[in-house]
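Each chain, letter by letter, is given below.
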Amino acid sequence: MAPETPFPGDPDDSREAIMRATYCALKQYGYAGLSIQRIADEADLSKSTFYHHYDDKHDLLTSFVDFILAEFTRVFSLEAGDGPEANLRTFVRLILDPTTAEKVSEESPASTVLGTYVELRAQAVQDETIREKFTEVDRSFEDQIAEIVENGVASGVFRDVDPEQTATFVSTLVAGQTFRQSTRDDDPSEAVLAAFDDYVRESLLRDDA
């Protein structure tokens, strides 16, 4: 039986239908069992329709990563506030504890595809195309974090820290916990988030902020 899709409503077009079908196929068969035919079957589309949008499985999977990244960016834009401190905490919590989202009525697909996202990322060890895509994803996340930190420094909320260096540290923390969260029976997210809150308070916030 195919897994239930976490995406609300009907897909807007065949491209989105393929993205949703990719999630279902990854969930049901894993990366090793993923095939264009299985994705086409999940989407109830012909293989010719698939090839109209994507050159091959690699092209599809890199687009799927972009799809999930776009979903996260959408949710963050809804949750973001006016202050850099709150925005930095929100950015990290939306990845490590997506249930904290308050302004998204439907369950966020970004939270439910965590396992498939990690499984895809693991392929980057041997697959140069996937590795290039996740390098791009990491840089995108780091750019967003660096912008938040830079705004915090400029507004006097954060100390005079290096935004890029801080972004690298925070994104590495998040990536490491994402893998732990998806590959352990227990979930240490609460302890990690508490430690991150301590880091923000003790290393980023100005004493007079």
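Everything that follows concerns the structure shown earlier in this document.
Reference entry: report on the structure contained in this document. In this convention, every chain numbers its residues from 1, walking through the sequence in written order. Since the coordinates come from a predicted model, pLDDT governs what is reported: local features require at least 70, and pairs of side-chain atoms require 80 or more to be given and counted, while whole-chain, interface and lining totals use all residues. Excluded from the side-chain calculation are hydrogens and water; included are all heavy atoms of the structure.

Our focus in this paragraph is the overall build of the protein chain. Scanning the protein chain from terminus to terminus reveals 10 helices and 0 strands. Each helix (α) and strand (β) of the protein chain, taken in turn from the N terminus, gives the series α-α-α-α-α-α-α-α-α-α. Only protein chains enter the calculation, and the probe is 1.4 Å; a residue is then buried if its accessible area is under 20% of its type maximum, exposed if over 50%, and partly exposed in between. In the protein chain, which comprises 209 residues, the proportion classed as buried is 42%. Contacts: residue pairs with any heavy atoms within 4.5 Å of one another. Intrachain contacts of the protein chain at a sequence separation of at least 6 include 65% that bridge at least 24 residues. By element, 46% of the accessible surface of the protein chain is carried by carbon and sulfur atoms, the whole surface being about 11200 Å². Strands here are runs of E lasting at least two residues and helices are runs of H or I lasting at least four, both read from the DSSP assignment and numbered beginning at the N terminus. What sets the accessible areas is the Shrake-Rupley method with a 1.4 Å probe; for residues, cover comes only from the shown protein chains.

Moving on: the environment of E150. Tracing the chain through its elements places E150 in helix α8 (residues 128-154). A C-alpha to C-alpha distance of 9.8 Å links E150 and T166, two positions 16 residues apart in sequence.

For Phe, Tyr and Trp, where Trp contributes only its six-membered ring, two rings pair if their centres lie within 6.5 Å, and the inter-plane angle classes them as stacked under 30 degrees, edge-to-face over 60, or tilted in between. Following the criterion strictly, the structure yields 6 aromatic pairs and no others. Each ring, one from F76 and one from F91, has its centre 5.3 Å from the other, and the planes form 75°; the classification is edge-to-face. With a gap of 15 residues between them, F76 in helix α4 (residues 57-79) and F91 in helix α5 (residues 84-96) connect regions that are remote in the sequence. Take F76 and F91: they sit in the same class, and that class is buried.

Bringing the pattern of salt bridges into the picture now. Think of it this way: side chains of opposite charge can pair up when their charged atoms draw near. The rule for a salt bridge is simple: a side-chain nitrogen of Lys or Arg has to be within 4 Å of a carboxyl oxygen of Asp or Glu. Tallying each qualifying case throughout the model produces 10 salt bridges. Here R93 ties to D197 by a salt bridge, and the two come within 3.0 Å at their closest N and O atoms. One end of the pair, R93, is in helix α5; the other, D197, is in helix α10 (residues 189-204), with 104 residues separating them in the sequence. The class of D197 is buried, set by a relative accessible area of 18%. One salt bridge connects K133 with E136, and the closest N-O pair in it is separated by 3.2 Å. Pair noted here: K133 and E136 are both in helix α8, with a separation of 3 residues, about one helical turn. Using a relative accessible area of 9% as the deciding quantity, one classes K133 as buried. In this structure, a network of salt bridges that share partners links the residues E85, R89, R93 and D197.

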